[in-house]
Amino acid sequence: MRTLIVGGSGFLGSELARQCSLAGHEVAATYLTRRPGEIAGVEWSPLDVRRREDVDVLVGAFRPEVVVNAAFRQADWTTTAIGAVNVALAVSTAGGRLVHVSSDAVFSGAAIRYDETCVPDPITPYGAAKAAAETAVNAIMPAAVTARTSLIIGDGGSSHEALVHSLATGTARGVLFTDDVRCPVHVVDLAAALLELAASEYRGVHHVAGADAVSRYELGLLIARRDGLDADRLPSGRRADSRVPGPLDVRLDCAMTQRRLRTTLRGARRFLGDGRR
């Protein structure tokens, strides 16, 4: 496939580009300000998704069969929401398939467990931007896949893993919340699932998250033990007692999506190696 990864310099985007290249796809990927390290077989292009004309030009020139949009900025509505609109409009004009990456941030946590039929009810600006992007993508390209995911973890390269290391070594201050629950997913599983959905005929909302619901503190303990850190040094606290806005317990039910996939969406206890399934 001719595949374009929008937001290819990010943690997920880089893994998508790597897997596309290994699979023998003709792949292009974008970055905003800093070109990432070389990935064999990947053609890199600068792109600001906030600039519609730039998105139109790039998509029109490359003519991808598949576009995966993994671009976002948590504090920037224009990138997250309007950028998604610009990508969807460009793909709808040029032709091709679109996989739009969304987030469990579209939910408030009031229901705790959410399947693909659940309607967004965000309570943060980032969640609202993601929900707006979902609505726009569905209106512009009803045949697109919208893939909601959760905390993305890897083998040391994610922001949450970096935070755990900083807290365990005393180079950062803060706490890991014991009442903030998500369904972390490994970046390799997530990228493989997104590319599998891209190559399928499925459409609409899919949930692509890990099988385990764990708190950020438990996730930190798992990471610390895997990496040989002193887990006892990790500070804990309750989000409910803090002034940090956002939902508490949000669990993506991925049963429908998992039935459609060959890729196994492993839980954090499995991919971080404590032996439980």
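Everything below is about the structure printed above this text.
Rules and cut-offs
As a convention, each chain's residues are numbered from 1 in the sequence order in which they are written. In keeping with the predicted nature of the model, local features appear solely for residues at pLDDT of at least 70, side-chain atom pairs appear and are counted solely at 80 or more, and the whole-chain, interface and lining totals rest on all residues. To obtain the side-chain values, all non-hydrogen atoms of the structure were included, while hydrogens and water were left out. Whenever a helix is involved, its axis is fitted only over the stretch in contact; in every case the axis is a line through C-alpha atoms, and angles between N-to-C directions fall within 0 to 180 degrees. Helix and strand labels come from DSSP, where a helix needs a run of H or I of at least four residues and a strand needs a run of E of at least two; each type is numbered from the N terminus. The cut-offs work like this: below 35 degrees is roughly parallel, past 145 is roughly antiparallel, 65 to 115 is roughly perpendicular, and the gaps in between are oblique. In what follows, a contact means two residues having at least one pair of non-hydrogen atoms within 4.5 Å. Put simply, Ala, Val, Leu, Ile, Met, Phe, Trp, Tyr, Cys and Pro go in the nonpolar bin, Asp, Glu, Lys and Arg in the charged bin, and everything else, Gly too, in the polar bin. Categorising residues by exposure relies on relative accessible area from a 1.4 Å probe, with only protein chains included: less than 20% of the type maximum marks a residue as buried, more than 50% marks it as exposed, and the intermediate range marks it as partly exposed. Using a grid of 1 Å spacing that covers the protein atoms alone, one calls a set of points a cavity when a 1.4 Å probe fits there but cannot get out, and a pocket when the set is open and has protein on both sides within 12 Å along at least five of seven lines; lining residues are those with an atom within 4 Å of a point. Grid points are joined across faces, edges and corners, and a volume is the space filled by probe spheres set on the points.

Visitor: How should the packing of helix H3 (residues 77-94) against helix H4 (residues 125-140) be read in this particular structure?
Guide: To describe two helices that pack against each other, one gives the angle between their axes and the distance between the axes. With their axes 8 Å apart at the nearest point, H3 and H4 run at an angle of 10° to one another. Taken together, the axes of H3 and H4 lie roughly parallel to each other. For the pair H3 and H4, the contacting residues are Trp77, Thr80, Ala81, Ala84, Val85, Ala88, Leu89 and Ser92 in the first and Pro125, Tyr126, Ala128, Ala129, Lys130, Ala132, Ala133, Ala136, Val137 and Ile140 in the second. Grouping the amino acids of the contact of H3 with H4 by side-chain chemistry returns 15 nonpolar, two polar and one charged.

Visitor: How should I be thinking about unusual backbone geometry in this particular structure?
Guide: Both trends apply: most residues other than glycine have a negative phi, and most peptide bonds are in trans. Residue Arg63 is not a glycine yet carries a positive backbone phi of 50°. Among the secondary structure elements, Arg63 is positioned in the loop between helix H2 (52-62) and strand S4 (66-69). The phi torsion at Ile112 lies on the positive side, around 65°, for a residue other than glycine. Ile112 gets classed as partly exposed once you look at its relative accessible area, which sits at 37%.

Visitor: Whenever I open this one, the layout of surface pockets confuses me. Can you help?
Guide: Space left empty within the atom packing is revealed by a probe, the size of a water molecule, rolled over the atoms. By volume, the largest pocket is sized at about 1400 Å³. Surrounding the largest pocket, 47 residues form its lining, Phe72, Gln74, Tyr126, Ile152 and Ser159 being those nearest its centre. Taken together, the elements giving at least two residues each to the lining of the largest pocket come down to helix H1 (11-22), strand S2 (26-31), strand S5 (97-103), H4, strand S8 (152-153), helix H5 (159-169) and strand S9 (176-177). Here the residues of the lining of the largest pocket sort into 20 nonpolar, 19 polar and eight charged. Taken as a whole, the second largest pocket holds about 180 Å³ of empty space. Contributions of two or more residues to the lining of the second largest pocket are made by strand S15 (251-252) and helix H8 (255-260). Split into classes, the residues belonging to the lining of the second largest pocket amount to eight nonpolar, two polar and three charged.

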